[in-house]
Amino acid sequence: MQRDTTKRFYAVHSWVGAITAVLIFIIAFTGAVSVFGRPEIKTWAHEVSHVPAELDPLRIEQVLREDAATVPEAYLDNIQVLMPGVRRRPVLSVQFDREVETADGRTEHHIIRFDHDPKTYELVDRLEGEPREVFENEPKDLADFIITFHADLHLGDPIGLLLTGLLGLTLFASIVTGVITHRKVLKEAFTFRPFRSLRLLFTDSHKVLGVWGLVFNSAIAFTGAFLGLAVVLLLPAAAYVSFEGDLDKMVETYLPLNEPQKSGIPAELKIAEVLSAVDQPENGPIVSAQLLTGTDQAGVAHVYTLAGDGIGGETHRYQLNGTVLESVTSQFSQLGGAAGPILDAMFPIHFGNFGGTVVKLIWFVLGLGTALLAVSGSMIWVERRVHGSSGSLSVASYRRISRFTVGACCGVVLATVTLFHLQLFVLPQVATTQTWLMGTFFGSWALAIVWSMLRTNDYQTTRELLGLTGAAAALVPIANGFVTGNHLLNVFSGGHWVVAGVDLGLLLLGAALVVIALKLPSQRPLRKSENRQSASPSSGLSGDLAYPEASTS
Amino acid sequence: MSEDTLFPRPVSRVLAATLGVLITAVLITTAMPVYVPFSQASSVVVPIVLFPVTWLLIFLWVLFEQKMWRAWLGLLALSGLHLGLILSGVGVL
């Protein structure tokens, strides 16, 4: 009876994994890259932010006043200053926001945004419209593209977010059923026999990756399901019941803006004093500042910083005369109870953006582990059906699945690396950046899949695609040096440390992929016991990948 | 033992485990604030955060229940009960 239960858990683990493996690989790989999306890859992508700009509060205040003088007064009650090179913006942006009542009685926002060079403070762009419209019309870069792809596969809200949220749930189910199936966790954590045979290399890899990444994978699956499903499904449903269907009222409850009451006494726009007060070593870098009723003496400023010593970002509230109102260590902590800390932990745990570069590196490596866990499980599933007794489809069908898996997984890595070259050579020269990003990414990915489907030897295809990706990645730092003049050899004189970090990462990743491609066998290794005729060089992995209680002994 | 024997009535089971479980878990999560003893903010957030656990428990139960009519009945009972709570919460019932 117990054996049947374990078999059922194994069957669920195996089928859920097989159905979702390619998508989990794609989400996990792009998630690992997204850990460094903002600000590292974004900084790399824009030459203007290669060398970080010093925060000059007085100059920023001057720019704010100059911009404010050109917009109607109605826009001055809600102003945001977005700092360059910290999170989302490579440039310094000053954004004026106004609520407009529509014909049907609803209110919507209308913004005017000024973008300034982060060093010279020259105006480089002015955008105006609804926030979504402004966001869609602004130039995109590879960081934006990869992060959005990770979040919603570029299928948008709600379909994309729903899909990635459901994938989080299935990953969670795979982890729980996997743990129940492989109960000898401690033994399997230290069982890795890479040189005995290819079959043991792959089965042991799957188990070792699963065991060592267990806590991380569980956290990622849990928070990923929350982030994907909460916004599109669960929060609107909760608003319907608990807030009489008023989503805005719910948002105000969780993220109160604390808009001040106007005193009626005019005041001059200022922000320098507040920025100087927050720009201290004990605080994280300033991401943005928001001025509410900034032209009134009762005006307040909210300054948002990245995590200092804590896990989440911080909000500092100041009266515009310089009086500190409060400093809170998180956005939601003011809710009290269990809700605040839980919500505050969701984003940092998912993205690893606390604790600096070391945590990001750990998240990146573990994220790659999640991707490899998914693909190794999928290939084990295929192998059991091509070279074992499981499965009801023809061998040719399973081989097609295997070829597709190789093309889709290696292809998404190749497509991601291709974007770095696109960013260097094409995007700064074109206006339709999103079209170029979409075309290049999906075009190169589709080519890799077609190439893999046309080939008969998966092992050779894997070597070719990994080798090509490795070479392309290793060439990025060289191309960057030629195009921008910033490279690894002049980092000490140039001070472009973040750019050098990304270049070095790509160089190491490229070298590793080339080495792996050279080391991988060019066809499926045969075991002596196997029928040589049935073991044509084709699919997936080899070996005794049967029901786990009987394996790896 | 084949997978057909391990999981009788596979088509009905897959339908219940995908669509049925998702709808039931969403209804439970939506209705939970009506009866959990937390503040308004926490009573909304905690069920949402626990959604993956709620979903997983129902998902595994539906897959492991030998008799599919019992799985469907359970899903319908849970959904009906929580739909009733939602409708009474918004004043329809």
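These numbers come from a predicted model, not from an experiment.

Reading the values: rules and limits
- Residues numbered from 1 in each chain as written.
- Chains lettered and ligands numbered in written order.
- Predicted model: local features only at pLDDT ≥ 70, side-chain atom pairs only at ≥ 80, totals over all residues.
- Heavy atoms only, no water.
- Helix = DSSP H or I, 4+ residues; strand = E, 2+ residues; numbered from the N terminus.
- Buried < 20%, exposed > 50% of the residue type's maximum accessible area, 1.4 Å probe, protein only.
- Contact = heavy atoms within 4.5 Å.
- Areas by Shrake-Rupley, 256 points an atom, 1.4 Å probe, with all protein chains shown as cover.
- Pairing = 2+ DSSP bridges.
- Core = buried A, V, L, I, M, F, W, Y, C linked by side-chain atoms within 4.5 Å.
- Expected span 1.5 Å × (residues − 1).
- Arc of directions from axis to C-beta.
- 1 Å grid on protein atoms, 1.4 Å probe; cavity = no way out; pocket = protein on both sides within 12 Å on 5 of 7 lines; lining within 4 Å.
- Points joined across faces, edges and corners; volume = space filled by probe spheres on them.
- Buried area = accessible area lost by both parts, 1.4 Å probe.
- Salt bridge = Lys/Arg side-chain N within 4 Å of Asp/Glu carboxyl O.
- Polar contact = N/O pair within 3.5 Å; in protein donor to acceptor, adjacent residues only side chain to side chain.

K.L.:
Explain the overall build of chain B to me, please; I cannot follow it from the model alone.
P.N.:
Counting its regular elements, chain B contains 5 helices and 0 strands. Of the regular secondary structure in chain B, the N- to C-terminal order runs α-α-α-α-α. Split into buried and exposed, the 93 residues of chain B put 51% on the buried side. Pairs at least 24 apart in sequence give 68% of the contacts found in chain B among residues at least 6 apart. Accessible area for chain B stands at about 4,500 Å²; split by element, carbon and sulfur atoms hold 75% of it.

K.L.:
Can you walk me through the pairing of strand 3 (residues 107-116) of chain A in this structure?
P.N.:
Side-chain direction in a regular strand flips from residue to residue, so the side chains alternate between the two faces of the sheet. Residue and element names in this part refer to chain A. In terms of strand pairing, strand 2 (residues 92-101) meets strand 3 through 10 bridges, oriented antiparallel. Bridging across to strand 3, Asp97 finds its partner in Ile111. A loop of 5 residues connects strand 2 with strand 3, the two strands running antiparallel in sequence, and Gly105 in this loop sits at a positive phi of about 90°. Of the pairings in the sheet, the one linking strand 3 to strand 4 (residues 123-129) comprises 6 bridges and is antiparallel in character. By the bridge assignment for strand 4, Ile112 is matched with Glu128.

K.L.:
How should the nonpolar core be read in this particular structure?
P.N.:
Buried together is how nonpolar side chains tend to be arranged in soluble globular proteins. Counting 113 residues, the largest nonpolar core has Trp44, Leu142, Val412 and Trp445 of chain A together with Trp55 and Phe59 of chain B as the members making the most contacts within it. What Trp445 of chain A contacts, discounting residues up to four positions off in sequence, is Ile26, Phe149, Gly407, Ala408, Gly411, Val412 and Ala415 of chain A. The next biggest cluster of nonpolar side chains, apart from the first, holds 29 residues, and it includes Ala68, Val94, Leu269 and Leu275 of chain A.

K.L.:
What is the right way to look at helix 18 (residues 497-519) of chain A in this model?
P.N.:
Within an α-helix, residues lying three or four positions from one another point in the same direction, as the helix has 3.6 residues per turn. Residues and elements named next belong to chain A. In this model helix 18 runs 33 Å from its N-terminal to its C-terminal C-alpha over 23 residues, within 8% of the 33 Å that 1.5 Å per residue would give. Within helix 18 the residues assigned to the buried category are Val499, Ala500, Val502, Asp503, Leu506, Gly510, Leu513 and Ala517. In this structure, the buried residues of helix 18 make contact with helix 2 (37-45), helix 14 (395-425), helix 16 (458-484) and helix 17 (491-494).

K.L.:
Please explain helix 15 (residues 433-454) of chain A as it appears in this structure.
P.N.:
Residue and element names in this part refer to chain A. Taking 1.5 Å of rise per residue, the 22 residues of helix 15 would be expected to cover 32 Å, and the 31 Å separating its terminal C-alpha atoms lies within 8% of that figure. All of the buried residues in helix 15 are Thr433, Leu437, Thr440, Phe441, Ser444, Trp445, Ala448, Ile449 and Ser452. Along the axis of helix 15, the buried positions cluster into a sector of 150°, meaning they face one direction only. In this structure, helix 15 carries Thr435, Leu447 and Leu454 as exposed residues pointing more than 90 degrees from its buried face. Looking at the buried residues of helix 15, the elements they touch are helix 1 (2-34), helix 5 (142-152), helix 14 and helix 16.

K.L.:
I keep staring at the environment of Gln261 of chain A and nothing clicks. Help me out?
P.N.:
By secondary structure assignment, the location of Gln261 of chain A is in the loop between helix 10 (247-254) and helix 11 (272-278). Here Gln261 of chain A falls in the exposed class, since its relative accessible area comes to 71%.

K.L.:
Hey, could you run me through the pairing of strand 1 (residues 78-82) of chain A in this one?
P.N.:
All names here are of chain A. Where burial is concerned, most of strand 1 is hidden: 4 out of the 5 residues are buried. For strand 1 and strand 5 (residues 286-292), the ladder comprises 5 bridges, and the chain directions are antiparallel. In the strand pairing of strand 5, Val81 is matched with Ala289. Across 4 bridges, the pairing between strand 1 and strand 2 is antiparallel. In the sheet register, Gln80 faces strand 2, and the bridge partner there is Gln95.

K.L.:
Would you explain the environment of Cys409 of chain A in this entry?
P.N.:
Residue and element names in this part refer to chain A. When you line up the elements, Cys409 lands in helix 14. Sequence separation of Cys409 and Leu465 is 56 residues, and the distance between their C-alpha atoms is 9.8 Å. If we skip the residues at most four places from it in the chain, Cys409 touches Val22, Phe25 and Val375.

K.L.:
What is the right way to look at empty space enclosed by the protein in this model?
P.N.:
Empty pockets left among the atoms are what a rolling probe the size of a water molecule brings to light. All names here are of chain A. Enumeration over the complete set of coordinates arrives at 2 cavities of 30 Å³ or more. The computed volume of the second largest cavity comes to approximately 30 Å³. Along the walls of the second largest cavity sit Pro39, Lys42, Thr43, Ser49, Gly85, Arg87, Arg88, Arg89 and Pro90, which together make up its complete lining.

K.L.:
Got a minute to help me understand the interface of chain B and chain A in this structure?
P.N.:
Frequently, the measure chosen for interface size is the accessible area removed from exposure when the parts meet. Contacts between the two partners involve 30 residues from chain B, matched on the other side by 41 residues from chain A. Counting each side, the surface lost to burial between chain B and chain A is near 3,100 Å², with a carbon and sulfur contribution of 81%. Three residues, Ile48, Val49 and Phe64 of chain B, lead the burial of chain B against chain A; their summed loss comes to 18% of the area buried on that side. Between chain B and chain A we count 0 salt bridges in total. The tally of links from chain B across to chain A stands at 0 residue pairs in polar contact (both at pLDDT 80 or more). Elements represented by at least two residues in the side of chain B that touches chain A include exactly helix 1 (3-6), helix 2 (10-35), helix 3 (40-49) and helix 4 (51-64) of chain B.

Interpretation in functional terms is not warranted from these geometric data alone.
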